[in-house]
Amino acid sequence: MSAVGRHSEPALVQGGQWLTRRDCKRVLVIAHTVVYAQRLKHAFSLLAADFRVQVVFTVAPHPFGEGVARYLRRAGITVIAWEDALRNRFDLALAAGSLGIEKVRAPVIRLSHGAGHNKVLREPADPAEAARRPPGMLSRRHLMHDGRVVPAAVGLSHERYLADLARSCPEALSVATVVGDPGYDRIVANMPRREHYRRMLGVADGQQLLLVTSTWGPSSAFGRFDVLLPQLLGRLPERRYRIAVLIHPNVWAGHGYWQVHGWLADCRKHGAVVLPPETDWEALLISADAIIGDHGSLTAYGALTGAPILLTHSPERTVAENSPAALISAAAPVLSPSRPLEEQLRYAADAYREEQYAAVAALLSSVPGQFHRRMRALMYRLLDLGEPAFAAPVPPVPAPPALDRAGEGEWGVSA
């Protein structure tokens, strides 16, 4: 076979002979899913301007991996094959999932990918056992392989998870460190730009922006959307409300982009805009006047914004005890499909209690405003490099696209 026909590794993972800048520390970003890639962006962006560091991206196998390579490439990121990544050594790796990371030849920093730890690992028959069962990233199954702790560092959003980790996987305590939550920090820091984001979205003066969100799984709001949306959204006065629908990327990846878009095609008939799964969601939450959500992370982050929340339902058996989702279920009213939605939105606004939502926010991060500083310090420590001689501030949230243009022409389904 000719040299052209043989498989060859891309220049990014070869010895450096094809690269202009050589002898860089190499950091591997392991993007299993769109959600994980979105989370890791807050970490690897801290390395982007350092000429001493070369960041390399790969997509690891995952049941919900559909769309992640496209998401990265749309951001201008070159992606190397998972097999190429495993053949090479790196100075550091970043991951927000656990599948396959034991095979990576680098010290791995393992981050969470959501707001706290809302969901139990699995749902045993006994609800009491489910409440005691640790969430995913704190379990031995996700932290250990062949009797050893896989990550070189486990980044936690809140100090209270140290106690949870001591019970579920004490072997990992020595590598655990509290870094905070980037979603928390970005939302709080960018709340003063709320009116700017609303103008970019196309929300007119006097209009209310209603954000409808769903996580994934059988107990999510999406599981009832065929009943929920037509009965509720069709009753809102369109002139007074703009409605945006944001569905967890795992729903799109699990069922297929074309199918999910087809299922949601009628949303526009009820005045709603379905946002693409790759949408940066912080600006949407900051801009919202009200949020309809379930036990997913976006509902928890919504507690930071001052917007009243209406819950679609409260699946207690899948929600971790004392999690942000558990506190929201005790504070937010639950939707009733039999009552007019506008009436329920007014009720949620009247019933809003700042102290209850503040209690949810307090569970999201025990070091508010410090994620970027702490995360950068952790990465450079493991890279054995001195940090750049400037602060790592909380970056601005990108301006969102206008709702009227969101998702136009996508997936070949007419809206």
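Above this text sits the structure in question.
Draft legend 1. Local environment of the nonpolar core. The biggest cluster of nonpolar side chains holds 62 residues, and the ones touching the most others in it are Leu94, Leu210, Phe225 and Met375. Ranked by the residues each element gives to this core, the list is headed by helix H1 (residues 34–44), at seven residues. Other than its neighbours up to four places away in sequence, Leu210 contacts Leu233, Leu236, Arg242, Ile243, Ala244, Ala290, Ile291, Ile292, Leu341 and Leu345. Val203, Leu209, Leu285 and Ala303 belong to the second largest nonpolar core, which has 35 residues in total.

Draft legend 2. Representation of the sheet that holds strand S12 (residues 272–274). On the basis of which strands lie adjacent, the open sheet formed by five strands has the order S12-S11-S10-S13-S14 and parallel pairing. Of all the strands in the sheet, just S12 and strand S14 (309–311) have a single pairing partner and so form its edges. In this sheet, neighbouring strand axes are inclined to one another by 20° on average, regardless of whether the strands run parallel or antiparallel. For strand S10 (residues 208–214) and strand S11 (residues 241–247), the ladder comprises seven bridges, and the chain directions are parallel. Note that in S11 the partner of Leu210 across the bridge is Ile243.

Draft legend 3. Here's a closer look at the sheet that holds strand S9 (residues 176–178). Reading across the sheet, the seven strands line up as S3-S2-S1-S4-S5-S8-S9 and stay open at both edges, with parallel pairing between neighbours. With partners counted over all chains shown, the strands left at the sheet margins are strand S3 (79–80) and S9, one partner each. Sheet analysis places strand S2 (residues 53–58) next to S3, joined by two bridges and oriented parallel. Residue pairing for S3: Phe57 is matched across the bridge by Val79. With respect to the sheet, helix H17 (residues 371–383) is in contact with strand S1 (25–30), S2, strand S4 (92–95), strand S5 (108–110), strand S8 (153–156) and S9, its orientation differing from that of S4 by roughly 145°.

Draft legend 4. Quick peek at unusual backbone geometry. The phi dihedral of Asp146 falls on the positive side, at around 55°, and the residue is not glycine. Mapped onto the secondary structure, Asp146 falls in the loop between strand S6 (144–145) and strand S7 (148–149). A relative accessible area of 73% means that Asp146 is categorised as exposed. Within the chain, Asp384 stands out as a residue other than glycine whose phi angle is a positive 60°. Residue placement: Asp384 occurs in the segment after H17.

Draft legend 5. Structural context of the environment of Val188. Mapped onto the fold, Val188 is located in helix H7 (residues 182–190). A residue is classified by how much of its surface remains accessible, and Val188, at 41% relative accessible area, is partly exposed. Linking Val188 and Leu304, residues 116 residues apart in sequence, is a C-alpha distance of 7.0 Å.

Draft legend 6. Structural view of the packing of helix H14 (residues 324–331) against helix H16 (residues 354–362). Relative to each other, H14 and H16 sit at 170°, their axes nearing to 9 Å. By the angle between their directions, the pair H14 and H16 is classed as roughly antiparallel. Residues Pro324, Leu327, Ile328, Ala330 and Ala331 of H14 form the contact with H16, whose own contacting residues are Gln356, Ala359 and Val360. Looking at the contact of H14 with H16 residue by residue, the classes come out as seven nonpolar, one polar and no charged.

Draft legend 7. Expanded view of the side chain of His372. Its place among the elements puts His372 in helix H17. For His372, a relative accessible area of 2% translates into the label buried. If sequence neighbours within four positions are ignored, His372 has contacts with His42, Leu46, Asp185, Arg186, Ala392, Pro393, Val394 and Pro395.

Draft legend 8. Fine view of helix H8 (residues 194–201). All buried positions along H8 are accounted for by Arg194, Tyr197, Arg198 and Leu201. Looking straight down H8, one finds its buried side chains confined to an arc of 100°; they lie on one side. The elements touched by buried residues of H8 are H7, S10 and helix H12 (282–287). Of the residues trailing H8, Gly202 is marked for its positive phi of about 90°.

Draft legend 9. Representation of the packing of aromatic side chains. Taken as a whole, this structure holds six aromatic pairs when the rule is applied. Taking the centre distance of 4.9 Å and the plane angle of 90° together, the rings of Phe44 and Phe57 count as edge-to-face. Of this pair, Phe44 sits in helix H1 while Phe57 sits in strand S2, and the two are 13 residues apart along the sequence. Phe44 sits in the buried class, given a relative accessible area of 12%. Between Trp252 and Tyr257, the aromatic rings sit 5.8 Å apart at their centres with planes inclined by 65°, giving edge-to-face as the arrangement.

How each quantity is defined
Residues numbered from 1 in each chain as written. Predicted model: local features only at pLDDT ≥ 70, side-chain atom pairs only at ≥ 80, totals over all residues. Heavy atoms only, no water. Core = buried A, V, L, I, M, F, W, Y, C linked by side-chain atoms within 4.5 Å. Buried < 20%, exposed > 50% of the residue type's maximum accessible area, 1.4 Å probe, protein only. Helix = DSSP H or I, 4+ residues; strand = E, 2+ residues; numbered from the N terminus. Contact = heavy atoms within 4.5 Å. Pairing = 2+ DSSP bridges. Axes fitted to C-alpha atoms, helices over the stretch in contact; angles between N-to-C directions. Parallel < 35°, antiparallel > 145°, perpendicular 65-115°, else oblique. Nonpolar A, V, L, I, M, F, W, Y, C, P; charged D, E, K, R; others polar. Arc of directions from axis to C-beta. Phe/Tyr/Trp six-rings, centres within 6.5 Å; stacked < 30°, edge-to-face > 60°.

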